[in-house]
Amino acid sequence: QVQLVESGGGLVQPGGSLRLSCAVSGFTVDYYAIAWFRQAPGKEREGVSCINSAGSTYYTDSVMGRFTISRDNAKNTVYLQMNSLKPDDTAVYYCAKGPRYYCSGYGLPSPVNYWGQGTQVTVSS
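Just so it is clear, the structure is predicted and the values come from calculations on it, not from any experiment.

(A) Highlighting the overall build of the protein. If you tally the helices and strands in the protein, you get zero helices and 11 strands. For the protein, whose C-alpha radius of gyration is 13 Å, the value lies close to the compact-globule estimate of 14 Å for 125 residues. Overall, the protein is about 40 × 25 × 25 Å in size when its C-alpha atoms are taken along their principal axes. Across the 125 residues that make up the protein, the buried fraction comes to 45%. Pairs at least 24 apart in sequence give 60% of the contacts found in the protein among residues at least 6 apart. As presented, the protein carries roughly 6,300 Å² of accessible surface, and 45% of it is formed by carbon and sulfur atoms. The positive charge centre, built from 10 side chains, and the negative charge centre, built from 8, are 3 Å apart in the protein.

(B) Up close: the nonpolar core. If you look at the biggest cluster of nonpolar residues, it comprises 26 residues, and the most contacted ones within it are Trp 36, Phe 67, Val 78, Leu 80, Met 82 and Tyr 93. Setting aside residues up to four positions removed in sequence, Leu 80 forms contacts with Leu 18, Arg 19, Leu 20, Trp 36, Val 48, Ser 49, Phe 67, Thr 68, Ile 69 and Tyr 93. Among the nonpolar cores identified, the runner-up in size contains seven residues, and Ala 35, Phe 37, Cys 50 and Cys 103 belong to it.

(C) Geometry of the state of the cysteines. Scanning all chains against the criterion turns up two disulfides. Between Cys 22 and Cys 95 runs a disulfide, and the two sulfur atoms are separated by 2.1 Å. Across the disulfide from Cys 22 to Cys 95, rotation about the S-S bond amounts to roughly 75°, and the bridge is consequently right-handed. Here Cys 95 lies in strand β9 (residues 91-97) and Cys 22 lies in strand β3 (residues 18-25), a separation of 73 residues in the sequence. Comparing Cys 22 with Cys 95 shows no difference in burial state: the two are buried. Across a sulfur-sulfur distance of 2.0 Å, Cys 50 and Cys 103 are joined as a disulfide pair. Its S-S torsion of approximately -85° makes the covalent link between Cys 50 and Cys 103 left-handed. Pair noted here: Cys 50 is in strand β5 (residues 46-51) and Cys 103 is in the loop between β9 and β10 (114-115), with a separation of 53 residues, a long-range link. Considered together, Cys 50 and Cys 103 belong to a single accessibility category, that of buried residues. For the protein, the bonded cysteines connect in the pattern 1-3, 2-4 when numbered consecutively along the sequence.

(D) How the structure looks around the environment of Arg 45. Along the chain, Arg 45 turns up in the loop between β4 (34-39) and β5. Distance from Arg 45 to Tyr 93, taken between C-alpha atoms, is 9.2 Å for residues 48 residues apart in sequence. In this structure Arg 45 touches Phe 37, Arg 38, Gln 39, Tyr 94 and Trp 115, once residues within four positions along its chain are discounted.

(E) Structural context of the packing of aromatic side chains. Considering all chains together, one arrives at four aromatic pairs under this definition. With centroids separated by 5.1 Å and ring planes inclined at 85°, the aromatic side chains of Tyr 101 and Tyr 102 adopt a geometry described as edge-to-face. Aromatic rings pair up to connect Phe 37, Tyr 94 and Trp 115 into one cluster. Looking at Lys 97, its charged tip hangs above the ring of Phe 27, at a distance of 5.5 Å from the centre.

Parameters and conventions
Residues numbered from 1 in each chain as written. Predicted model: local features only at pLDDT ≥ 70, side-chain atom pairs only at ≥ 80, totals over all residues. Heavy atoms only, no water. Helix = DSSP H or I, 4+ residues; strand = E, 2+ residues; numbered from the N terminus. Rg over C-alpha atoms; globule rule 2.2 N^0.38 Å. Buried < 20%, exposed > 50% of the residue type's maximum accessible area, 1.4 Å probe, protein only. Contact = heavy atoms within 4.5 Å. Areas by Shrake-Rupley, 256 points an atom, 1.4 Å probe, with all protein chains shown as cover. Lys, Arg positive; Asp, Glu negative; His and termini not counted. Charge placed at Lys NZ, Arg CZ, Asp CG, Glu CD. Core = buried A, V, L, I, M, F, W, Y, C linked by side-chain atoms within 4.5 Å. Disulfide = S-S within 2.5 Å. Phe/Tyr/Trp six-rings, centres within 6.5 Å; stacked < 30°, edge-to-face > 60°. Lys NZ or Arg CZ within 6 Å of the ring centre and 35° of its normal.

Encoded structure:
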């Protein structure tokens, strides 16, 4: 049974940092592309970053240089280290499993059938 469970969200001041975790089960994390998405209030869900099975990483322009996606194969977990956070980063963050080993840009090719439940990130003073 495929499961993805996010954790690590919270309230942080502008300029602060958070590390999100996506613990997966039911598959091996380095066999598939895994991506982080986010959805802010009143906005559509958008791709943030993706890591493919080879470990190559991709980012949307708005987080380039501030966010880092990584993977711990032994723990079957994918991380999103978020630094220099801005109020515009406020959103619910989701991790998702792609259907293949590759990313589609900084997102995933269709169909994306497996999502975590999401974790809230709020950047505010």
